[in-house]
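Chain by chain, the residues:
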Amino acid sequence: MSKEAPVLQAKNLGIQFGGLKAVNNFDIEIGKSELVGLIGPNGAGKTTVFNLLTGVYQPTEGTFFLNGEKMNGKLTHQVVAAGIARTFQNIRLFKKLSVIENVKVAFNKNMKYSMVSAILRTRKFWKEEEEIDKKARELLALFHMEHLADNIAENLPYGQQRKLEIARALATDMKLLLLDEPAAGMNPTETGELLEAINLIREKFNISILLIEHDMSLVMNICERIVVIDYGEIIAKGTPEEVSKNPKVIAAYLGE
Amino acid sequence: MLNVSLFIQSIVNGLNQGAVYALVALGYTMVYGIIRMINFAHGDFIMVGGYTLFYTIPLMVNAGMPAWMSVIIAIAVCTIVGVAVERIAYKPVRGAGSMSALITALAMSLFLENLALVLFGANPKSVPAIFNLPMIDFAGAKLPGKALITLVIGLAIMLLLQIFIKFTKLGKAMRAVPQDKQASTLVGINVNKIITITFAIGSALAAVAALMYCSTYPRANTEMGVMLGLKAFIAAVLGGIGIIPGAMLGGIIVGLVEIFVKVYLAPGWYEAITYGILIVVLLVKPTGILGKNIGEKV
Amino acid sequence: MPKNKKVEYLINFVGILAVFGILVFFLDTGILGKQVNYIRGIVTIALLTIIMVTSLNLTTGFMGEFSLGHAGFMSIGAYSSSIVTLALADSNIPNMLLFIIAIIVGAVVTAIMGFLVGIPALRLKGDYLAIVTVAVAEIVRVAFCNFAITGGGKTLSGIKKLSDVHYVYVVMIICVVIMYMFIRSRFGRAVKAIREDYIAASSSGINVTNYKVMTFTISAMFAGVAGAIYAHYMTAMIPNTFSFMKSSEYLTMVILGGSGSFTGSIIGASVLSALPELLRDFASYRMLMYSVVLVLVMIFRPGGIFGTYEFSLIRVLKKVFGKNKGGADNE
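Residues numbered from 1 in each chain as written. Chains lettered and ligands numbered in written order. Predicted model: local features only at pLDDT ≥ 70, side-chain atom pairs only at ≥ 80, totals over all residues. Heavy atoms only, no water.

With 41 residues of chain C in contact, the opposing surface of chain B contributes 47 residues. Between chain C and chain B, a total of about 3,800 Å² is buried, with carbon and sulfur atoms accounting for 82% of that surface. Taken together, the links from chain C to chain B amount to 1 salt bridge. The partner of Arg 141 of chain C in a salt bridge is Glu 271 of chain B, with the nearest N and O atoms 3.5 Å apart. Here chain C and chain B share 3 residue pairs in polar contact (both at pLDDT 80 or more) between them. Among the secondary structure elements, those contributing two or more residues to the side of chain C that touches chain B are α4 (95–121), α5 (126–146), α8 (198–203), α10 (244–257) and α12 (283–300) of chain C. Of all the elements, α5 of chain C adds the most residues to the side of chain C that touches chain B, at 13 residues. Class assignment for the residues of the side of chain C that touches chain B results in 31 nonpolar, 6 polar and 4 charged. (Contact = heavy atoms within 4.5 Å. Buried area = accessible area lost by both parts, 1.4 Å probe. Salt bridge = Lys/Arg side-chain N within 4 Å of Asp/Glu carboxyl O. Polar contact = N/O pair within 3.5 Å; in protein donor to acceptor, adjacent residues only side chain to side chain. Helix = DSSP H or I, 4+ residues; strand = E, 2+ residues; numbered from the N terminus. Nonpolar A, V, L, I, M, F, W, Y, C, P; charged D, E, K, R; others polar.)

Listed as interface residues are 31 residues of chain C and, on the opposing side, 32 residues of chain A. Across the chain C/chain A interface, buried area totals approximately 2,800 Å², and carbon plus sulfur atoms make up 62% of it. Put simply, chain C and chain A have 3 salt bridges between them. When the shortest N-O distance is used, the salt bridge between Arg 189 of chain C and Glu 129 of chain A registers 3.1 Å. Counting across the interface, chain C meets chain A through 12 residue pairs in polar contact (both at pLDDT 80 or more). Within the residue set of the side of chain C that touches chain A, elements represented by two or more residues are α1 (3–28), α6 (165–183), α7 (186–196), α8 and α9 (208–234) of chain C. Of the residues forming the side of chain C that touches chain A, the biggest block, 8 residues, is contributed by α7 of chain C.

Glancing now at the sheet that holds strand β4 (residues 61–66) of chain A. All names here are of chain A. Judged by pairing direction, the sheet is antiparallel, and its 4 strands sit side by side in the order β2-β1-β4-β5 without closing on themselves. Among the strands making up the open sheet, the edge pair consists of β2 (20–30) and β5 (69–70). Taken together, the 5 bridges between strand β1 (residues 8–17) and β4 define a ladder with antiparallel strand orientation. Bridge pairing in β4 places Gly 14 opposite Glu 61. Along the sheet face, helix α1 (residues 46–53) touches β1, β2 and β4 and points at about 110° away from the line of β1. (Pairing = 2+ DSSP bridges. Axes fitted to C-alpha atoms, helices over the stretch in contact; angles between N-to-C directions.)

Another point: the sheet that holds strand β6 (residues 84–86) of chain A. All names here are of chain A. Strand order in the open sheet made by the 6 strands is β6-β7-β8-β3-β9-β10, with mixed pairing throughout. One side of each edge strand has no neighbouring strand; the edge strands of this open sheet are β6 and β10 (233–238). Taken pair by pair, the neighbouring strands of this sheet meet at an average axis angle of 20°, ignoring direction. As paired elements, β6 and strand β7 (residues 176–180) share 3 bridges and run parallel to each other. By the bridge assignment, Ala 85 is partnered in β7 with Leu 177. Relative to strand β8 (residues 208–212), helix α7 (residues 188–205) is tilted by about 155°, and along the sheet it contacts β3 (35–39), β7 and β8.

So, about the packing of aromatic side chains. All told, the structure shown has 28 aromatic pairs over all chains when counted by the stated rule. Aromatic pair Tyr 51 of chain B and Phe 120 of chain B: ring centres 4.3 Å apart, planes at 20°, arrangement stacked. Here the residue Tyr 51 of chain B occupies a position in helix α2 (residues 42–62), and Phe 120 of chain B occupies one in helix α4 (residues 98–120), the gap between them amounting to 69 residues. Owing to a relative accessible area of 2%, Tyr 51 of chain B belongs among the buried residues under this scheme. Judged by centre distance (5.5 Å) and plane angle (20°), the rings of Phe 260 of chain B and Tyr 264 of chain B are stacked. With Phe 260 of chain B and Tyr 264 of chain B both in helix α10 (residues 244–265) and 4 residues apart, the pair spans about one turn of that helix. A relative accessible area of 33% means that Tyr 264 of chain B is categorised as partly exposed. Aromatic ring contacts, followed pair by pair, group Tyr 113, Phe 125 and Trp 126 of chain A together with Tyr 9, Phe 182, Phe 187 and Tyr 211 of chain C into a single cluster. (Phe/Tyr/Trp six-rings, centres within 6.5 Å; stacked < 30°, edge-to-face > 60°. Buried < 20%, exposed > 50% of the residue type's maximum accessible area, 1.4 Å probe, protein only.)

Take a look at the structure:
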């Protein structure tokens, strides 16, 4: 390859559920540290795209690549290991674990110490655990949550839970982050904080983001490019201005 | 050469055994369908039925009535016990998670067994004969009349239950609640009442199962419900738990497999074979033979 | 190792020794008179029950899946170890070594079985998994009733009495410490994450199947250890001892103590296994009471008596000596 491969490249991606095409012919390319929005009416298949890209569902058609590496057929944890992490539309935290433990779980894949090491509490165990503790606290500090580290996750306010989910995803050390409606249910202040956090992680981690969002002002504000899907198919692509003027998009949102 | 009469005998015995399992399995499946709970005490309702039969058959006979009429009293007693267990123990833990529900059910099972131990003692009671029917000759096979009659009773009850569930208003409500509790409430179904009725019907069926069981094995003891209940539950899961025809199918399969393995394969291994079949079915089709697969929404 | 941890482990070690000292004081100084053998038996059973309940807690409390067949794994440990020690009966191996061999055989054979069962079974969840564990335990029971080498349906007897209460105490401590260290490591963290939300766990890079099978295998392995102790304490046994009832008894101990609490399992196991012996004259009333208590706990304290609370000797010492620095102390 002469040119550097895009971070994410999906070709003709599609899935059928019993004859129903939930997603069809989905093509997308996301470059390094790009932020792309994925929008569409309710039930258009946005979350299904995320489920395909994270190995929750296996595509029945098409392929997708992360940095040129084929991802089809990989299980969720293998996709994560390769470098795609996500958040969920309806927050999925480890509710009864502490905030810092939530983050530490995601660091697990880069931890090496063996079971014997753990049981004998060897030097390696302590070294890695201390390292991870430090990293997790740094990550929480990034989101201004370090003082909450020992709280139980389910006791956090809603906005903080969203942020914790993003922090946990970041801990997997990924190249592509999929955010599923991160601003859903947030008040304007919380949305503002979220925006700040997203900008911060882009600067800091140099990662690419694919974002599903209903809050149009948020999408128009921060996305460089937008992909619009309806009934599982892409109906428009382009910059926020292009997309917002596209008659197909307007029709899809207003209904014909 | 296949021995035809032994074969026919085995079929009848298998179906007879299977009908007992099916009746008990129905109780498990209906309760599971409605509140997603394995009612481990259900097997012990059979024990309650067994003891009721032991104590009431002599009274019936003395009053000049046929012995099997005792089943009416057994049905009443089992229904009361079943509804009481649901109201007192299960209702308060509903919504506390499946772990709590499971443990509560195990505890109620323990409670009923030990209550019986305190009340009736550890020695088994032998239940008087329920049906005095001659052996029947069929194609060279000698079939016990009581096996045939219990088989007929079992099948008739399953048919009635199916008609009740399919065509009556109450039956339809009972099918609606497992689908969507909230929506059922919205259309005016009293969910608590339906749950109670489900327990009542399940327990009544356990009483009938007790009658059928005791006509073949005329003995009541405090642990009679444990293995029977466990196997019936296996039958319910095998057929697809929560699905009424599944319980019947599962019951019949388990009954036939047990008898045939006992007679033709390896007498000591019949239980292991049943459990083995269950494991294989669940691994191939995790929701049982008639079950529908439901994935978790992400 | 951080310094405060070193001190902590040392204090806990001293605590463990102190309990051992108390045990020796009561059992070996003749202070209990003629009762001593009886008490020794109760203590041995309590110790092995601690291993059973704690190991079941790994699967149930920490991983969040019911197992209703734990007694089945116990029986595998009991029978496999007995077969080996019976075969070695005429050799001149000293008892202590033979005991260690028995424990290792029980652990290894049961771990292998747990692994083989876990791989297919753990694809199922919740009630379905619970049923498969019952089915497996029942198959094991039936098999042991049929194999000639396990007694062929009769009592398997003549097993050497190797489970000396002192050895058993040491084994129990080793088992519990291993399980505790396992849970308080990245492995335990992953397992707890799976319990909370397996989809989120796999999306955080956790190989859910691996960790589940791993935990289930470890859980089975320790049941095997308990089984080996049991067999070499009882010296005779029948497969029907390890029935569904036995499994559910262990499960209720886990839940009553507190699922997800080592403290709960240890106290639950010791109290609930000793109680029946001490109240022998009221056997049926006792079980009746027990079931009522169980229902009441489920209604009013669904997380069990201890919830996820863990006893900490350090915390107690700090309180006693008034040096409470108020730091959140997890270990």
